[in-house]
Amino acid sequence: MKPVVTEALVTLIIVLIASLIGAWDDGVLGASVMAFCALGLILLRHLWWLSQLIYWARAPQERSPPTVLGAWGELCDLLYQQIRKATKETKLATTELERLRLAAEVLPEGVVILDDQRVIEWMNWEAEACFGLNAATDIGSRFTHLLREPVLLDYLNTAGRGAKPLKLTTQRNPGHTLQVQTVPFAAGRTLLMVRDVTQLEKLATMRRDFVANVSHELKTPLTVTLGFIETAADALGDASPDELAHYLRMASEQALRMQNLIEDLLMLSSLETDSPPMEEDVNLSALLAGVCEEAKVLSAGRQNISLTMSGSSHLVGSSRELHSVFSNLVTNAVRYTPKGGEIALRWDAGVTGGRFAVTDTGIGIAAEHLPRLTERFYRVDHGRSREMGGTGLGLAIVKHVLERHQAQFDIRSEPGKGSTFSVVFPAHRMR
Ligand code: ADP
């Protein structure tokens, strides 16, 4: 039987019994008084339970449900179940929301949520960094008051869904290129996404400059070669064999320049794309002796070249790449050291690692050029480098190879006195 029906029956029985007792004692008046008293007591009991329920319902999560009987008990149970279900659902939703918030917080992309008045409702850490904002103080402020770049305001006013991203620099984060994109969503709100593309822009510029440089470097010898070939062809009937040989020699020198350049470019490209260097046991005694011999051939007696070695001469790495490093450094020393100069190659190995140094008494390099020497095509003196057959890529290759071998590169130089280019290999590369 349902509690409400039981409750009604019990009430009825109690009132009936009370009325009968009253009637037994004092007739109709007694029955009425007793029935009234019984009803009053029952009402008081209901009011007490009701007040207990109201007291509990004010803070159901903090208080335990009251012990009430009958229909109130059933009502209390139902309320209790509903509250537990709602609490569970709210907890679940809060956890989900928190998880989403945390995920959005660590997104590599900056996200700002703006309301229909462009007031910042929320932003993640990356957005703070990109726009130079502070969530603690700037949430609740109008975004367009904080970032006043006209191009951005214009973009916010006009760009709709699917609009192309906008690239801009801001006063709040100078020196950084940002890429922003807006996505309108519910109730006039806007999702503003931002990315710091400074590095990408730099890379794109470097790539453009590189292509322009390569084209320029190839164009000059190609034009000169063509010129010599045309001259030789025009003079074929009239020129002496000596003159023709001269033209052909000049043409072949330029072709050699192009070949060197292409070889260096291929080397750079393989260094950039290849997997880690080979782990060979490189015998530096043999390798450096070879490099020294090559340098002597190139020098043709103009400089005095020496090689000294101490400690272990076995290194783990790629012999092809290491040969390229030593050869580039020694060739440069020969190129930039005038006649009669000294060039000393030195290898020292100990427990902390191995050090190779090339010291020359050449023309030296002014301090302002030192940080840029390993950039591609950077030359202190373009004319001299070309005249000496330099490609402008030698030290860029050296830097790449050394990075791949976890080695340090150091350049000390003084104009007019000479230079020391040294390379320090870590202990784990020594055998
Ligand atoms: P390059 O092919 O022009 O020699 P590198 O990348 O090998 O290109 O060197 C970059 C520049 O560094 C050279 O153009 C030259 O100006 C300078 N340089 C390199 N080595 C020396 C050196 N031993 N003495 C003086 N200058 C040097």
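Residues numbered from 1 in each chain as written. Predicted model: local features only at pLDDT ≥ 70, side-chain atom pairs only at ≥ 80, totals over all residues. Heavy atoms only, no water.

- Going by the annotation in an unreviewed UniProt entry, the name recorded for the protein chain is histidine kinase, with Rugosibacter aromaticivorans given as the source organism.
- Note on the protein chain: under the UniProt heading Subcellular location (unreviewed entry), the record states "Cell inner membrane".
- As its UniProt record puts it under Catalytic activity (unreviewed entry), the protein chain is described as follows: "ATP + protein L-histidine = ADP + protein N-phospho-L-histidine." (UniProt positions renumbered as here; feature names shortened; annotations may be inferred.)

### What to know about the overall build of the protein chain
Then, number 1: Scanning the protein chain from N- to C-terminus turns up 12 helices and 12 strands.
Then, number 2: When the backbone C-alpha atoms are referred to their principal axes, the protein chain occupies close to 160 × 60 × 35 Å.
Then, number 3: Counting over 431 residues, the protein chain shows a buried share of 38%.
Then, number 4: A separation threshold of at least 6 residues defines the contact pool for the protein chain, and within that pool the share at least 24 residues apart is 56%.
Then, number 5: Approximately 25,500 Å² of the protein chain is accessible, and the part contributed by carbon and sulfur atoms is 60%.
Then, number 6: Placing the 43 positive and 49 negative side-chain charges of the protein chain at their respective mean positions leaves the two points 3 Å apart. (Helix = DSSP H or I, 4+ residues; strand = E, 2+ residues; numbered from the N terminus. Buried < 20%, exposed > 50% of the residue type's maximum accessible area, 1.4 Å probe, protein only. Contact = heavy atoms within 4.5 Å. Areas by Shrake-Rupley, 256 points an atom, 1.4 Å probe, with all protein chains shown as cover. Lys, Arg positive; Asp, Glu negative; His and termini not counted. Charge placed at Lys NZ, Arg CZ, Asp CG, Glu CD.)

### Quick notes on the site of the ligand
Then, number 1: Surveying the vicinity of the ligand reveals 20 residues, the closest of which are Asn-332, Ser-385, Thr-391, Gly-392 and Leu-395.
Then, number 2: Contacts to the ligand include Ser-385, whose side-chain N or O atom sits 2.5 Å from an oxygen atom.
Then, number 3: The separation between an oxygen atom of the ligand and a polar main-chain atom of Gly-392 is 2.8 Å.
Then, number 4: Within the complex, the protein chains bury 98% of what would otherwise be the 520 Å² of accessible surface of the ligand.
Then, number 5: Mapped by element, the contributors of at least two residues to the shell around the ligand are α10 (319–335), α12 (394–404) and β12 (418–426).
Then, number 6: For the shell around the ligand, the residue count by class is 10 nonpolar, seven polar and three charged. (Near = heavy atom within 4 Å. Polar contact = N/O pair within 3.5 Å; in protein donor to acceptor, adjacent residues only side chain to side chain. Nonpolar A, V, L, I, M, F, W, Y, C, P; charged D, E, K, R; others polar.)

### Focus: the packing of helix α1 (residues 3–58) against helix α2 (residues 70–105)
Then, number 1: Following both chains from N to C, one finds α1 and α2 inclined at 5 degrees, their axes separated by 7 Å at the closest point. The angle between α1 and α2 falls in the class roughly parallel. Across the interface between the two elements, Pro-3, Val-4, Glu-7, His-46, Trp-49, Leu-50, Leu-53 and Trp-56 from α1 touch Gly-70, Ala-71, Trp-72, Glu-74, Leu-75, Cys-76, Leu-79, Tyr-80 and Ile-83 from α2.
Then, number 2: Looking at the contact of α1 with α2 residue by residue, the classes come out as 13 nonpolar, two polar and two charged. (Axes fitted to C-alpha atoms, helices over the stretch in contact; angles between N-to-C directions. Parallel < 35°, antiparallel > 145°, perpendicular 65-115°, else oblique.)

### Examining the nonpolar core
Then, number 1: Judged by nonpolar contacts, the single largest core of 43 residues is most densely connected at Val-325, Phe-326, Leu-329, Trp-347, Phe-356, Val-358 and Phe-425.
Then, number 2: Looking at this core, the elements that each hand over two or more residues are α8 (241–273), α9 (284–299), α10, β9 (342–350), β10 (353–360), α12 and β12.
Then, number 3: Here this core takes seven residues from α10, the largest share from any one element.
Then, number 4: Taken domain by domain, the makeup of this core includes at least three residues from each of domain 3 (202–273) and domain 4 (280–429). (Core = buried A, V, L, I, M, F, W, Y, C linked by side-chain atoms within 4.5 Å. Domains from an automatic or database assignment.)

### Focus: a nonpolar patch on the surface
Then, number 1: Residues Val-4, Val-5, Leu-9, Ile-13, Ile-17, Ile-21 and Met-34 make up a contiguous nonpolar surface patch of roughly 580 Å² in combined accessible area.
Then, number 2: Residue placement: Met-34 occurs in helix α1.
Then, number 3: Assessed through its relative accessible area of 32%, Met-34 is described here as partly exposed. (Patch = residues over 30% accessible without salt bridge, like charges linked within 9 Å, V, L, I, M, F, W, Y side chains within 5 Å. Salt bridge = Lys/Arg side-chain N within 4 Å of Asp/Glu carboxyl O.)

### Observations regarding the environment of Ala-245
Then, number 1: Following the sequence through the fold, Ala-245 ends up in helix α8.
Then, number 2: In the structure, Ala-245 is positioned 13 residues away from Ala-232 in sequence and 8.9 Å away in space, judged by C-alpha atoms.

### Considering the packing of α8 against α10
Then, number 1: One way to put it is that α8 packs onto α10 with a least axis distance of 13 Å and a crossing angle of 130 degrees. With respect to α10, the element α8 is oriented oblique. The handedness of the crossing between α8 and α10 is left-handed. Note on element contacts: α10 touches α8 through Arg-320, Glu-321 and Ser-324, opposite Met-267, Ser-270 and Leu-271.
Then, number 2: When its residues are assigned to classes, the contact of α8 with α10 shows two nonpolar, two polar and two charged. (Left-handed = near helix turned anticlockwise from the far one by under 90°.)

### Examining the domain arrangement of the protein chain
Then, number 1: Taken as a whole, the protein chain is organised into domain 1 (2–99), domain 2 (106–196), domain 3 (202–273) and domain 4 (280–429).
Then, number 2: If you average the C-alpha positions of domain 1 and of domain 4, the two centres end up 96 Å apart.

### Considerations on the UniProt feature "transmembrane region" (unreviewed entry) in the protein chain
Then, number 1: Taken from the UniProt record, the annotation "transmembrane region" (unreviewed entry) applies to residues 33–56.
Then, number 2: Taken end to end, residues 33–56 comprises 100% helix and 0% strand; its first and last C-alpha atoms sit 35 Å apart.

### Looking at the sheet that holds strand β2 (residues 120–123)
Then, number 1: Taking strand neighbours across the sheet as the criterion, the five strands line up as β2-β1-β5-β4-β3 in an open arrangement whose pairing is antiparallel. Every other strand in the sheet has two partners, leaving β2 and β3 (166–168) as the edge strands with one partner each. Strand-to-strand, the axes of this sheet are offset by a mean angle of 25 degrees, without reference to chain direction.
Then, number 2: Note: strand β1 (residues 110–114) against β2, three bridges, orientation antiparallel. Looking at the pairing, Val-112 lines up with Met-123 of β2. (Pairing = 2+ DSSP bridges.)

### A look at unusual backbone geometry
Then, number 1: Positioned with a positive phi, Phe-377 is a non-glycine residue whose angle comes to about 65 degrees.
Then, number 2: Positionally, Phe-377 belongs in the loop between β10 and α11 (382–387).
Then, number 3: Residue classification places Phe-377 among the buried positions, given a relative accessible area of 7%.
Then, number 4: Despite not being glycine, Gln-406 shows a phi value in the positive range, around 50 degrees.
Then, number 5: Relative to the helices and strands, Gln-406 resides in the loop between α12 and β11 (408–414).

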